[in-house]
Amino acid sequence: MDPTSQTIRQQFQRYYLEPARRITGPQAMANREFGFLLFKEKFMVRHRAFRTSEQLLGAIRDLVPAHVYFSTARYKEPTAAMEEKGWEGADLVFDIDADHLDTECKPTHDNWKCKGCGNVGRGSAPKICPSCKNDRFDEQTWLCEKCLHQAKEETVKLLDMLYSDFAVDPSDLRIFFSGHRGYHIHVYSDELRTLGEEERREFADYMTAQGLDPQLHGLLERPIEGVRILEGPAMGQPGWRGRIVKGVFDMLGGDLEKLGLQPGHVKVLKEFDRNEIFRKPVWSLFKGVDLATWKDLVSKSVENAKIDTVVTTDVHRLIRLPGTLNGHTGLLAVEVQSERLDDFDPFTESTAFTESMKVHVKEAPRFRLGTEHHGPFHDESVTLPAAAAMLLLCKRRAEPAT
Ligand SMILES: [Zn+2]
Ligand SMILES: [Zn+2]
């Protein structure tokens, strides 16, 4: 193990060994599979099960893992091999991560290096390397206040969708900060638990507006006395109907030139008083903008949910256990009460380490943890509050100072 990993592991061990430490297992914990990613050689211990939270904490104290996971699924035999576990359903889980958001600040704090040819770039890594077509990268990301704020806003939108479109009961749902760059929403509902992968895919497609057809939401042309009249959904209608109109309203207030439309269409849209959109019927007032153009515009203007669809559709997923340390940051994954989501500050409420530590920082931007700001640092030894030092160590921006 390298000296940085050793130091991180020592700190994690001290944290978990505190006599007052408690960890709460998930609902139906005896039927869940647990997994631990160890510091040593990134080895994964899987197929473990625990009857009580105390047993679980005991295992964490023994192993001192970098990451602690549990299955969204419930099994008859969680310790058996995958195909013999006896799947009994899985919570519906949504993952909203800054990795999947297109924030403007990313090029200032994230960068990538192609594992194939060594090509480098700023911001999120591309799907494939532009010079060698390789799809594997070393990525350096940062825990950024703006990115996390946006992830929270996306979480709020997703919650709205779950409540309004799917009538999910708020008491069946829990929200967690991942301890890194995003939020998780877990839905524990008897009706949704037994959904298969196909059905979860439909759920994810609906939320991400995949294949959204405005015609199925009431946007259509109807001949009235020989004239083709455009009809469509109205503001405030439930589900995608209202969301389509809201999207068009927002679009009309934005930069219409950027949409790649015919100049004639841009002119009509620009001259339109967008407050008219609250009037009904409104659609036929846009003279010369036809149904095909509207369908294109709707697809460009709707706000879809920014979720990692792989997480939602996988019914055997292992997901981070709240109350445990995230080895990417040294911060805690924590539950956020839904009424407190607005005020929740991940940079204050997820810190685990107190005291101070001396580290040698290679390179780090200015950042906030708690109420204190630190950095920027460039090749220097500094004594920092332990939470900040641990963040830099976990992010491989610093090494333990001797
Ligand atoms: Zn390359
Ligand atoms: Zn950012």
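This is a predicted model, so every value here is computed, not measured.

With respect to the sheet that holds strand β21 (residues 377-385)
On the basis of which strands lie adjacent, the open sheet formed by three strands has the order β21-β18-β22 and antiparallel pairing. Whereas interior strands pair on both sides, the edge strands pair on one side only; in this sheet they are β21 and β22 (398-400). Direction aside, the axes of adjacent strands within the sheet are offset by 30° on average. Relative to β22, strand β18 (residues 356-364) runs antiparallel, the two sharing three bridges. Residue Val359 lies in a different strand from β22, and its bridge partner there is Pro400. Together, β18 and β22 form the strand contacts of helix α1 (residues 3-17), whose direction differs from that of β22 by roughly 70°.

So, the nonpolar core
Ranked by internal contacts, the top residues of the largest apolar core, which has 105 residues, are Phe36, Phe94 and Trp294. No other element matches helix α12 (residues 386-394), which puts nine residues into this core. Looking at this core, you find at least three residues from each of domain 1 (3-92 + 309-352) and domain 3 (214-301). The contacts of Phe36, once residues within four sequence positions are left out, are Phe43, Met44, Val45, Arg48, Phe50, Leu56, Ala59, Ile60, Leu63, Pro65, His67 and Val68. Counting residues in each nonpolar core, the second largest holds five residues, with Trp112, Cys114, Ala125 and Cys129 among its members.

Section: the domain arrangement of the protein
How big an interface is tends to be stated in terms of the accessible area lost upon association of its parts. Taken as a whole, the protein is organised into domain 1 (3-92 + 309-352), domain 2 (106-140) and domain 3 (214-301). If you average the C-alpha positions of domain 1 and of domain 3, the two centres end up 47 Å apart.

A few points about the coordination of the zinc ion (ligand 2)
With distances of 2.1 to 2.3 Å, the protein atoms coordinating the zinc ion (ligand 2) are Cys105 (SG), His109 (NE2), Cys144 (SG) and Cys147 (SG). Between the four donor atoms coordinating the zinc ion (ligand 2), the angles at the centre fall across 104 to 118°, so the site counts as tetrahedral. Of note, the zinc ion (ligand 2) draws all its donor residues from one chain, in the sequence arrangement C-x3-H-x34-C-x2-C. Comparing Cys144 with Cys147, the two get one shared label, buried.

Thoughts on α12
With nine of nine residues buried, α12 is to be regarded as a mostly interior element. All of the buried residues along α12 are Ala386, Ala387, Ala388, Ala389, Met390, Leu391, Leu392, Leu393 and Cys394. At the exit of α12 stands Arg396, carrying a positive phi of roughly 60°.

Quick look at the packing of aromatic side chains
For the structure shown, the criterion picks out 17 aromatic pairs. Plain terms: the ring middles of Tyr183 and Phe344 are 6.2 Å apart, the flat faces sit at 75° to each other, and that makes the pair edge-to-face. With Tyr183 in strand β11 (residues 182-187) and Phe344 in the loop between β17 (334-336) and α11 (346-349), the pair connects residues that are 161 residues apart, well separated along the chain. For the residue pair Tyr183 and Phe344, the accessibility class agrees, reading buried in each case. Grouping aromatic residues by their ring pairs yields a cluster made of Phe12, Tyr15, Tyr16, Phe39 and Phe353.

Cut-off values and rules
Residues numbered from 1 in each chain as written. Chains lettered and ligands numbered in written order. Predicted model: local features only at pLDDT ≥ 70, side-chain atom pairs only at ≥ 80, totals over all residues. Heavy atoms only, no water. Pairing = 2+ DSSP bridges. Helix = DSSP H or I, 4+ residues; strand = E, 2+ residues; numbered from the N terminus. Axes fitted to C-alpha atoms, helices over the stretch in contact; angles between N-to-C directions. Contact = heavy atoms within 4.5 Å. Core = buried A, V, L, I, M, F, W, Y, C linked by side-chain atoms within 4.5 Å. Buried < 20%, exposed > 50% of the residue type's maximum accessible area, 1.4 Å probe, protein only. Domains from an automatic or database assignment. Donors = N, O, S within 2.8 Å, 3.2 Å for Na, K, Ca; no water. Tetrahedral: all angles 85-135°; square planar, octahedral: opposite > 155°, others 65-115°. Phe/Tyr/Trp six-rings, centres within 6.5 Å; stacked < 30°, edge-to-face > 60°.

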